[in-house]
Amino acid sequence: MINVVEAKKEFIRWLGRDWYTVKDIFDKIKVTSFKGMYLPLYSYTIHYNASYSCDISISSTVRIDGKDQRISSRVPHSGTVSGRVKGYAIGSDFIESYGPERVVHNSDTDSELWKAIEFVENKCVYTVTGNELENGFEVIYHNLNFDSVYDGRVRSKVHDAVERRIIEVNSGRSVTNIHFSVRTNYDIFETSQDLYRFVYVARYTYNGRGYIAFIGITDKGLECYGTRPMDFSRKKNNRKCYITALMVFFVGFVLYMFTAIINANSKFASVGLWLMICGALFALWKFLYDYISKNITARKSRIALTDLYSMYKYVDNSGAKDAFLAISSDNADFTNGFTSEDATEEINKYRALCASGVITTEEFNKISSELSKFI
Amino acid sequence: MFRKKLFSFIASMCYLIYFAGMINFISLNRIMDIVYAFAYLSIILVLFFDMLDDRIVKYGLPVSLVAFCICRFPTSLTFSSVTGILAYVIMLFMSLYPKFNQKIFFLPPILAFLSQMASISYYANRITHSGWLNAFSLSPDLFANLLVFVGVLFICLSLKDVKMESKIPVGGADSLKKAAELLRNGKMSQDEFNEIKNSIISK
């Protein structure tokens, strides 16, 4: 049984575990729903009949005025391809219909969304035990949206089949302007109950834009997939770092090449060599740093008590408060403490809280004696 | 945190370049040379892998700084050698007691700068008898001396950002303030507020 608390913990961990997740995610996130769902897995068979047309360039050599000249001409070509595609797909119409905010679609989130749907269809394993209703999930039947199945799973296969056919028929010739139109008919069957997928679906918004995440159980344990808001300026900054490393390397290389030609023992040559080494090491360091931050630091520091308030907003949904309390005790960030400046500032904040009556004088004294150790 | 780790990386690069230039002069038959090599290699590795975990610098840096203090121990009381060892002693103190780092982080770079300038002027005087200003054009060691100074500077800047382990969670005051707001707006019950307050205060 997937425990709802564990699922929520995994969801929060997943939110803070990405290279480019926005830093203030826990401040601005608003979880609009977190529900367990049975998603029926449909089997579908799509019969397609694609008629296509294209231009084929045929080149030939003719002799004009005693000289060989290549002439290419374009010949139209058309044909039909038919076949069928079989597969399984979850009913995914809920992605658009369920939840107050529309799920954001752009090139980045769409690929993430497809990964998430594939995760639910292929990796997610679950045996129904019957007591899920006690754990706060709903049985919601979702129909398979034929268009989305065709767009996501079949269109590329039909396109491949058409291209294969054209190449088969016109081997060795270059082909341009491929157009094809497809007529389809399909059979969709709802599969037996043991092929249902059970996942928690989290719908949330960040800055008013909608996102979706699936939390399901796999062979490796709980896993979460979905779309997240991304911080592209961080992505840009990372690119800047790599470009700087490359430039240092390049300047070193140029310096080395120029001076080594004149005098191999020149000091400038060794400076150039060192610039190359530093550039390469910087790129390596930056890569390792990012990789490690993604895997270790993010988990440790982002899910910290700093985010208490914002998480509390999330916790407003029933059952998540336990998840929050469990997380804050598991992952509270006590190791990355204060510098002496931070501690002074923090004491002043607690003093203001004491003045406004949020904490008592005794509590303030306890905190300030603890914090003044750092000053 | 990124700033601290970047400073560590730059310092490690300075020491790497300096050490690579010195490696030909090291003989593994002499015990002091082995300590010298250990000191440089360990500081390069410790600073480079600062990105892995803060504990690497916390436990590793004092060890390599002790090695530095041993191999830099002044055999004669020249201005250069005394200021040099003093810089490393202060850095050792900083790595052991990060509480004072923000107040004294500028001392080791100043001492290192004075030490390196004195050493340049000493050699320049010996070589040219024409004062240390000429050293900039004459001393072959200027680049190396500059590297040591920059290395010390960046270690200290990195140590300045070292954070000390605390029982009070980071950002607790802000969280408490926001929780109090929620309580006032009636979005949170008194019990829930107390639960959160205790999770901050009673650790």
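See above for the structure.
Residues numbered from 1 in each chain as written. Chains lettered and ligands numbered in written order. Predicted model: local features only at pLDDT ≥ 70, side-chain atom pairs only at ≥ 80, totals over all residues. Heavy atoms only, no water.

### With respect to the overall build of chain B
1) Next: The helix and strand tally for chain B stands at 10 helices and zero strands.
2) Next: Overall, chain B shows an N-to-C arrangement of helices and strands of α-α-α-α-α-α-α-α-α-α.
3) Next: Counting across all 203 residues of chain B, residues that qualify as buried make up 50%.
4) Next: Put simply, 65% of the contacts in chain B that link residues at least 6 apart link residues at least 24 apart. (Helix = DSSP H or I, 4+ residues; strand = E, 2+ residues; numbered from the N terminus. Buried < 20%, exposed > 50% of the residue type's maximum accessible area, 1.4 Å probe, protein only. Contact = heavy atoms within 4.5 Å.)

### As for the overall build of chain A
1) Next: Counting its regular elements, chain A contains 11 helices and eight strands.
2) Next: By the burial criterion, 43% of the 375 residues in chain A qualify as buried.
3) Next: When contacts within chain A are restricted to residue pairs at least 6 apart in sequence, long-range pairs at least 24 apart make up 77% of them.
4) Next: Within the structure as shown, chain A displays about 19600 Å² of accessible surface, and the carbon and sulfur contribution to it stands at 52%. (Areas by Shrake-Rupley, 256 points an atom, 1.4 Å probe, with all protein chains shown as cover.)

### Things to note about helix 6 (residues 232-262) of chain A
1) Next: The end-to-end C-alpha distance of helix 6 of chain A, which contains 31 residues, comes to 45 Å, matching closely the 45 Å that a straight helix rising 1.5 Å per residue would cover.
2) Next: When we look at burial in helix 6 of chain A, the residues that qualify are Asn238(A), Cys241(A), Ala245(A), Gly252(A) and Thr259(A). (Expected span 1.5 Å × (residues − 1).)

### Describing the environment of Cys278(A)
1) Next: Assignment of secondary structure puts Cys278(A) in helix 7 (residues 267-302).
2) Next: Given the relative accessible area of 16%, Cys278(A) is considered buried.
3) Next: Linking Cys278(A) and Gly252(A), residues 26 residues apart in sequence, is a C-alpha distance of 9.1 Å.
4) Next: If near-sequence neighbours (up to four positions away) are discounted, Cys278(A) is found in contact with Phe9(B), Met13(B) and Ile17(B).

### With respect to the nonpolar core
Nonpolar side chains in soluble globular proteins tend to end up buried together.
1) Next: Within the largest apolar cluster, 53 residues are counted, with the highest numbers of intra-cluster contacts made by Tyr15(B), Ile43(B), Leu61(B), Tyr88(B), Val152(B) and Ile155(B).
2) Next: Contributing elements (two or more residues each) for this core: helix 6 and helix 7 of chain A together with helix 1 (2-22), helix 2 (31-48), helix 3 (54-71), helix 4 (79-96), helix 6 (107-128) and helix 8 (142-160) of chain B.
3) Next: Ranked by residues supplied to this core, first place goes to helix 2 of chain B with 10 residues.
4) Next: Setting aside chain neighbours within four positions, we find Ile155(B) in contact with Ala11(B), Tyr15(B), Ile43(B), Leu47(B), Leu61(B) and Met91(B). (Core = buried A, V, L, I, M, F, W, Y, C linked by side-chain atoms within 4.5 Å.)

### Notes on unusual backbone geometry
With the exception of glycine, the majority of residues adopt a negative phi angle, and the majority of peptide bonds are in the trans configuration.
1) Next: Positive phi is not limited to glycine here, since Asn207(A) has a value of about 55°.
2) Next: Topologically, Asn207(A) is positioned in the loop between strand 6 (197-206) and strand 7 (209-218).

### Thoughts on the pattern of salt bridges
Residue and element names in this part refer to chain A.
1) Next: One pass over the full model with this rule turns up seven salt bridges over all chains.
2) Next: A salt bridge links Asp68 to Arg63, with the nearest nitrogen and oxygen atoms 2.9 Å apart. Each member of the pair, Asp68 together with Arg63, is exposed. (Salt bridge = Lys/Arg side-chain N within 4 Å of Asp/Glu carboxyl O.)

### Some points on helix 9 (residues 172-184) of chain B
Given 3.6 residues per helical turn, the α-helix brings residues three or four places apart onto the same face.
1) Next: Over its 13 residues, helix 9 of chain B runs 18 Å from end to end, which matches the ideal 18 Å to within 8%, given 1.5 Å per residue.
2) Next: Once helix 9 of chain B finishes, Gly186(B) follows within two positions and takes phi at roughly 80°, a positive value.

### Let's talk about the side chain of Lys4(B)
1) Next: Summarising the element assignment, Lys4(B) is placed in helix 1.
2) Next: If sequence neighbours within four positions are ignored, Lys4(B) has contacts with Asp50(B), Asp54(B), Ser158(B), Asp161(B) and Val162(B).

### Looking at the packing of aromatic side chains
By convention here, two paired aromatic rings are described through the distance between centres and the angle between planes.
Residues and elements named next belong to chain B.
1) Next: Under the definition given, this model contains 22 aromatic pairs over all chains.
2) Next: Centre to centre, the rings of Phe48 and Phe49 are 5.1 Å apart; their planes meet at 80°, and the pair counts as edge-to-face.
3) Next: Taking the relative accessible area as the measure of exposure, Phe48 reaches 10% and is therefore buried.
4) Next: Through a chain of ring-to-ring contacts, the aromatic side chains of Tyr15, Tyr18, Phe19, Tyr36, Tyr40, Phe68 and Tyr88 assemble into a single cluster.
5) Next: The ring of Phe105 is capped by Lys160, whose NZ or CZ atom sits 5.4 Å from the centre of that ring. (Phe/Tyr/Trp six-rings, centres within 6.5 Å; stacked < 30°, edge-to-face > 60°. Lys NZ or Arg CZ within 6 Å of the ring centre and 35° of its normal.)

### Structural notes on the pairing of strand 8 (residues 221-226) of chain A
Residues and elements named next belong to chain A.
1) Next: Where strand 7 lies against strand 8, six bridges are found, and the strand directions are antiparallel. What sits directly across from Gly216, in strand 8, is Glu223.
2) Next: What sits between the antiparallel neighbours strand 7 and strand 8 is a turn of two residues. (Pairing = 2+ DSSP bridges.)

### A look at the packing of helix 3 of chain B against helix 4 of chain B
All names here are of chain B.
1) Next: Running from N to C, helix 3 and helix 4 cross one another at 160°; their axes reach a closest spacing of 9 Å. For the element pair helix 3 / helix 4, the angle class is roughly antiparallel. Remark: the crossing between helix 3 and helix 4 carries left-handed chirality. Side by side, helix 3 and helix 4 meet where Leu61, Pro62, Leu65, Val66, Phe68 and Cys69 of the first sit next to Ile85, Tyr88, Val89, Met91, Leu92, Ser95 and Leu96 of the second.
2) Next: Looking at the contact of helix 3 with helix 4, its residues break down into 12 nonpolar, one polar and no charged. (Axes fitted to C-alpha atoms, helices over the stretch in contact; angles between N-to-C directions. Parallel < 35°, antiparallel > 145°, perpendicular 65-115°, else oblique. Left-handed = near helix turned anticlockwise from the far one by under 90°. Nonpolar A, V, L, I, M, F, W, Y, C, P; charged D, E, K, R; others polar.)

### Some words on a nonpolar patch on the surface
Residue and element names in this part refer to chain A.
1) Next: On the surface, Phe249, Phe250, Phe253, Val254, Met257 and Phe258 cluster together into a nonpolar patch covering about 570 Å² of accessible area.
2) Next: Relative to the helices and strands, Val254 resides in helix 6.
3) Next: You can call Val254 partly exposed: its relative accessible area is 31%. (Patch = residues over 30% accessible without salt bridge, like charges linked within 9 Å, V, L, I, M, F, W, Y side chains within 5 Å.)

### Quick word on the state of the cysteines
Such a bond, covalent and formed between the sulfur atoms of two cysteines, is termed a disulfide.
1) Next: Per the stated rule, a full pass over the model turns up zero disulfides over all chains.
2) Next: Here Cys278(A) stays unpaired: no disulfide links it, and the sulfur of Cys14(B), its closest cysteine neighbor, is 7.9 Å away. (Disulfide = S-S within 2.5 Å.)

### Concerning the packing of helix 1 of chain B against helix 8 of chain B
Residue and element names in this part refer to chain B.
1) Next: Interhelical geometry of helix 1 versus helix 8 gives an angle of 155° and a closest axis separation of 8 Å. Here helix 1 is positioned roughly antiparallel relative to helix 8, judged by the angle of their axes. As helix 1 runs across helix 8, the sense of the crossing is left-handed. On the side of helix 1, the interface is formed by Arg3, Lys4, Phe7, Ser8, Ile10, Ala11, Cys14, Tyr15, Ile17 and Tyr18, while helix 8 contributes Phe143, Ala144, Leu147, Val148, Val150, Gly151, Val152, Phe154, Ile155, Leu157, Ser158 and Lys160.

### What about the environment of Arg72(B)?
Residue and element names in this part refer to chain B.
1) Next: When you line up the elements, Arg72 lands in the loop between helix 3 and helix 4.
2) Next: By relative accessible area, which is 22% here, Arg72 ends up partly exposed.
3) Next: Among residues more than four places away in sequence, those in contact with Arg72 are Tyr18, Tyr40, Ile85, Tyr88 and Gln116.
4) Next: Among the polar contacts listed, one links the side chain of Arg72 to the side chain of Tyr40, at a separation of 3.3 Å. (Polar contact = N/O pair within 3.5 Å; in protein donor to acceptor, adjacent residues only side chain to side chain.)

### Considerations on the pairing of strand 6 of chain A
Residue and element names in this part refer to chain A.
1) Next: Summarising burial for strand 6: 10 of the 10 residues are buried, a large majority.
2) Next: By the bridge criterion, 10 bridges tie strand 1 (residues 29-39) to strand 6 in an arrangement that is antiparallel. Counted as the bridge partner of Gly36 is Tyr200 from strand 6.
3) Next: Bridge analysis of strand 6 against strand 7 gives seven bridges, and the strand direction is antiparallel.

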